[in-house]
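# Tertiary structure, described
Each chain, written out:
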Amino acid sequence: MMKKMSMPTSKTSLVLFLCQIISALDVPLDSKLLEELSQPPTITQQSPKDYIVDPRENIVIQCEAKGKPPPSFSWTRNGTHFDIDKDAQVTMKPNSGTLVINIMNGGKAEAYEGVYQCTARNERGAAISNNIVIRPSRSPLWTKEKLEPNHVREGDSLVLHCRPPVGLPPPIIFWMDNAFQRLPQSERVSQGLNGDLYFSNVQPEDTREDYICYARFNHTQTIQQKQPISVKVFSMDSLNDTIAANLSDTDIYGAKPVTERQPVLLTPTGSTSTKVELRGNVLLLECIAAGLPTPVIRWIKEGGELPANRTFFENFRKTLKIIDVSEADSGNYKCIARNTLGSAHHVISVTVKAAPYWITAPRNLVLSPGEDGTLICRANGNPKPSISWLANGVPIAIAPEDPSRKVDGDTIIFSHVQERSSAVYQCNASNEYGYLLSNAFVNVLAEPPRILTPANKLYQVIADSPALLDCAYFGSPKPEIEWFKGVKGSILRGNEYVFHDNGTLEIPVAQKNSAGTYTCVARNELGKIQNEVQLEIKDPTMIIKQPEYKVIQRYGQVSFECIIKHDSTLLPTVTWLKDNDELPDDDRFLVGKDNLTIMNVTDKDDGTYTCIVNTTLDSVSASAVLTVVARPNPPFDLELTGQLERSIDLSWIPGDENNSPITNFVIEYEDALHEPGVWHYQTEVPGTQTTVHLKLSPYVNYSFRVIAVNKIGRSQPSEPSEQYLTKSASPDENPANVQGIGSEPDNLVITWEPLKGFQSNGPGLQYKVSWRQKDVDDEWTSVIVANVSKYIVSGTPTFVPYEIKVQALNDLGYAPEPSEVIGHSGEDLPMVAPGNVQVHVINSTLAKVHWDPVPLKTVRGHLQGYKVYYWKVQSLSRRSRRHVEQKILTFRGNKTFGMLPGLEPYSSYKLNVRVVNGKGEGPASPDKVFRTPEGVPSSPSFLKITNPTLDSLTLEWGSPTHPNGVLTSYTLKFQPINNTHELGPLVEIRIPANESSLILKNLNYSTRYKFYFNAQTSVGSGSQITEEAVTIMDEAMASRQVDIATQGWFIGLMCAVALLILILLIVCFIRRNKGGKYPVKEKEDAHADPEIQPMKEDDGTFGEYRSLESDAEDHKPLKKGSRTPSDRTVKKEDSDDSLVDYGEGVNGQFNEDGSFIGQYSGKKEKEPAEGNESSEAPSPVNAMNSFV
């Protein structure tokens, strides 16, 4: 049964026994119901069966019981009624059966020893307690005895007996000295389970006079002390001295020194023994052996294994302890004592017996009149216990008969019970090792239905989750439960509902439409009752943006988002956890409305972060992992092994990779001999490798360090390794980058890249520099220089090739023979200029120049190319000189031609050519003159249009900035443009080159024209310049234009139209009132022309037929009968067919009869005005003339 109601503390004990009900009729844990129902007595608290009391304090024998009506209590002592009223020392607590025996006021505890039993009784039965045996605690004194000193030979065994007085309960034994210090114990000396002190072998240090056995009686908190025991150990030497004074020499020599002995068991004695233990107790087996050396004890179980997890060894393995023993632990246990001389063993046969224990204890039975039921009492034990029944504390055989009751061994069967069948039955299971007593009542009730769930209880459930609506009920007989939805709803049935036996209605998947009022009805033969509950369905809480996996570098900032969506009536709380625990108490953790931010991230912040959102109805969570990465920690423990002259092995231990795998290790070295403090790159290895074989150079004092690298960066360098100095040797290599280049015409400068310190391989580094002229049969000239990087050879011919080599040497010898390189002595300026310079003009801006190459011998250096110097002398069109700007083009290598781009047309140029080497330029060739032909001119410098009249415009222009030849003429083209940007016919006029202005006549008035103007030479036309201009309006025509809206005929026409519309609307209203329908609104939506809008007297709308647009507008009364707004425009949103879309905007023209004659055109962008010009034609006539 599902229980949801809480119980006050005062009802707890009654609830306990109601929890044991096993019948079809369950009693809910409802406090009000429990107070009203009749219940037989139930013992809820009692003293233990074996009750040892302190004789110095009052004796309290507990007996508490509950029932309805409250039970009365009585006691028996030693099987007979105990009349407490006749004993002044005994009282019973009010509303309780607990006895208080007053010992502290003169009573004696011994006088109240005995067996007590409590009975609790009311009108429905009697319950009895266990037999409670009362015994006062005893702590007797030690009996006086005369203890003789113990004289023991070294190596012998010894047992000091304690023999404590018999107490109740038995005392705890321990051994101490006069200073109240516990005597040390070991494998050799230990205390047995009986309290005796065992010595496997005594030693001289065991001699003392204060071996004291103490007995502690915990119940009375007293300690009794035995008289001290004296032990004196004699060594063999002292024993021989004593014997020598009394015996002959022969006898003295017969005394043996301390000898080793094989083990002998001190306890238990013999080879076998037996032990009986009860099920559930602790089994303690002991073996203590004498011997020298001290024996070691080992335990085995014959034919089986010692039970795992329940076996323990104590007292230096002399005691075997098995907890919670069962029948399976019966068997033979062997202890084996062994030393170097042999072994001894003892077998203990263990039998596990069992006091009675429950298999099925009888449980309270609540029945309705006419029902059947059973009480079952099943127990086990060794030997098997006997079962006996009592009714209300009386053996059932002599109890009043009940026709509904039948006893069948361990079962009582009840058939067709009646209310008088209520009673308390006791089951007693006993054997020789104890007994069990259990009370179980049979309570027959006849009760009308009751619904215990509060009325109109509100249940709130998350959508798509189960809804459980309680209907806790009680009745006898058991009521039937039905559920309805709504006040007048039908009974609920079907697979969409689950009906629980306890009355609860379950909706497995509650939807929004599941909300509402539900009615529970309970009925039995004694009555009917109903109750209503309310169900609300809430939207589920969701995390719509969950925290995501983050990788962040140490000391960075990271943020986790947790954005939620929830039912508006629920108040969510958001909690953040780290590794399923609270966030650290640290100011770096900032919890926002929908995020968690961690500042200055450290390694400790690594972990899983969980966002938990709780409401009163649901809970959701989402987690993300934060991985804190950083540069790796530096490697450590660098070790050098395998030292050879030219190689060594380096190994190391990687540091922490800090969550980012190490990709590689970089090995660096320091040469403390040549460059102390400077670290050089040596090599690198993959991140999975922690050793490397390094090649070494001679004469270097090496130290190594290792740097770990991951994706985040490089670690700090490791601590340097130990130093390793390699032996000296002759150089392995020669200088690199050997060159021979002269700095002057008569020298040769030989340079090289000197060897680094570790490349010298030894002390005394020098260089042997050798040279000889190439292709000449000369001997090598050599010189040895110090550790420098340059040597100058003087007195050489100008620019001749030399063979050069540089060899390294030190105090131990020369490097291998070096390779030869070719160098040249110094260069000089070229001697001659290029000849036969020719120019071929390709067009007005491009020319090609040719020349003959100079002889290579005259170059006197490395030929780098030729330079062409050219400049414009004058422009042939203007005959004017200006500042000469010289231009230079360089052509690399041994080229003999080049192109000259970017020339100006119709101009005179000069040029010359020079050869170039590494030293500089040679002499220039004679100047060569050439001319470029004419080209097309640039656009005129300006075009102005002035003096506009009705039919003429004046044009003025400037000549081209770059005529590029002789101008022959100008070309003028123009054409009209109407207001739709359409172009009229193009007119072209030729103008002599010497003209600079022109008056155009016979143009249309008030018309825009576009002009195109360019210049020509004999080659062709240049680029054009464009302008636009407008002729002015005819004043007479302008004066005739009037606003149509002010004409009388137009006003009259509009009034007539308005009158017709008003009549039409009246007719519509009449038809509508008669049931007809006229779609005025649809007509207005289809054609919302402002001229036909229905009008209201004050705002231009008419009743309910006005358009939505008219509601939104602030209409004003029309002036002078015009329908045009005051700004003389008609807005497009007012009419899709407005006058603006015809002709030239608001000033569209009408004939005298009001007809429109302008050409229809769509909406367009308005042209930008220029000066006083207009972008609109003033009349439809002009609009037509613009295309003539």
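Residues numbered from 1 in each chain as written. Predicted model: local features only at pLDDT ≥ 70, side-chain atom pairs only at ≥ 80, totals over all residues. Heavy atoms only, no water.

### A closer look at the sheet that holds strand β61 (residues 691–695)
Convention followed: Two strands form a pair only when DSSP identifies at least two bridges running between them. Numbering of helices and strands runs from the N terminus, with a helix taken as a DSSP run of H or I at least four residues long and a strand as a DSSP run of E at least two residues long. For helices, the fitted axis covers only the stretch in contact; all axes are lines through C-alpha atoms, and the angles between them, taken along N-to-C directions, range from 0 to 180 degrees.
What the 3 strands build is an open sheet, ordered β57-β58-β61; its pairing is antiparallel. Two strands in the sheet have a free side with no partner beyond their single neighbour: β57 (636–641) and β61. Across the sheet, the mean angle from the axis of one strand to that of its neighbour is 25°, orientation sign disregarded. With 5 bridges joining them, strand β58 (residues 647–653) and β61 adopt antiparallel strand pairing. Of the residues in β61, the one forming a bridge with Ser-647 is Lys-695.

### Things to note about the packing of aromatic side chains
Selection rule: Only the six-membered ring of Trp is used, alongside the rings of Phe and Tyr, when aromatic pairs are assigned; centres must lie within 6.5 Å, and planes under 30 degrees apart are stacked while those over 60 apart are edge-to-face, with the rest tilted. A simple rule labels every residue: compare its accessible area, found with a 1.4 Å probe on the protein chains alone, to the largest value its type can have, and call it buried under 20%, exposed over 50%, or partly exposed in between. By the criterion adopted, a ring carries a charge over it if an Arg CZ or a Lys NZ lies within 6 Å of its centre and within 35 degrees of its normal.
All told, the structure shown has 21 aromatic pairs when counted by the stated rule. Considering the side-chain rings of Trp-652 and Phe-665, the 5.3 Å spacing of their centres and the 65° angle between planes classify their relative orientation as edge-to-face. Within this pair, whereas Trp-652 is found in strand β58, its partner Phe-665 is found in strand β59 (residues 664–671), the two being separated by 13 residues in sequence. This pair shows no difference in class: Trp-652 is buried, exactly as Phe-665 is. Residues Trp-752 and Tyr-767 carry aromatic rings whose centres are separated by 5.6 Å and whose planes lie at 55° to one another, so their mutual orientation is tilted. Of this pair, Trp-752 sits in strand β65 (residues 747–753) while Tyr-767 sits in strand β66 (residues 766–773), and the two are 15 residues apart along the sequence. Joined through ring pairs, the aromatic side chains of Phe-174, Phe-180 and Tyr-214 make up one cluster. Across from the ring centre of Phe-82, 6.0 Å away, lies the NZ or CZ of Arg-77, which sits over that ring.

### Considerations on the pairing of strand β41 (residues 473–476)
On a regular strand, each side chain points to the face opposite its neighbour's, so the side chains alternate between the two faces of the sheet. Across the two faces of β41 the burial is the same, with Tyr-473 and Gly-475 and Phe-474 and Ser-476 all buried. Pairing between strand β38 (residues 447–451) and β41: 3 bridges, direction antiparallel. Within β41, the position partnered with Arg-450 by the bridge is Phe-474.

### Overview of the sheet that holds strand β7 (residues 90–92)
Ordered by their spatial adjacency, 3 strands build an open sheet running β3-β8-β7, and the pairing between neighbours is antiparallel. Looking at which strands have only one partner, the edges of the open sheet turn out to be β3 (59–61) and β7. Looking at each pair of strands side by side, their axes are set apart by 20° on average, direction ignored. The pairing of β3 with strand β8 (residues 99–101) spans 3 bridges and is classified as antiparallel. Across the sheet, Val-60 pairs through a bridge with Val-100, a residue of β8.

### Some words on the side chain of Arg-1008
The criterion, for reference: Side-chain atoms alone can form a polar contact between residues adjacent in sequence; in general such a contact is a pair of N or O atoms within 3.5 Å, and within protein one must be able to donate a hydrogen while the other accepts it.
Looking at the secondary structure, you find Arg-1008 in strand β84 (residues 1008–1017). Owing to a relative accessible area of 10%, Arg-1008 belongs among the buried residues under this scheme. Looking at Arg-1008, its side chain comes within polar contact range of the side chain of Glu-1028, at 3.4 Å.

### Observations regarding the side chain of Ser-925
This is how it is decided: Here, residues are in contact when the closest pair of their heavy atoms is within 4.5 Å.
Here Ser-925 lies in the loop between β77 (907–917) and β78 (928–931). A polar side-chain atom of Ser-925 sits 2.8 Å from the main-chain amide nitrogen of Val-913. Sequence-distant contacts of Ser-925, that is, excluding residues within four places in its chain, are made with Ala-833, Pro-834, Val-837, Asn-912 and Val-913.

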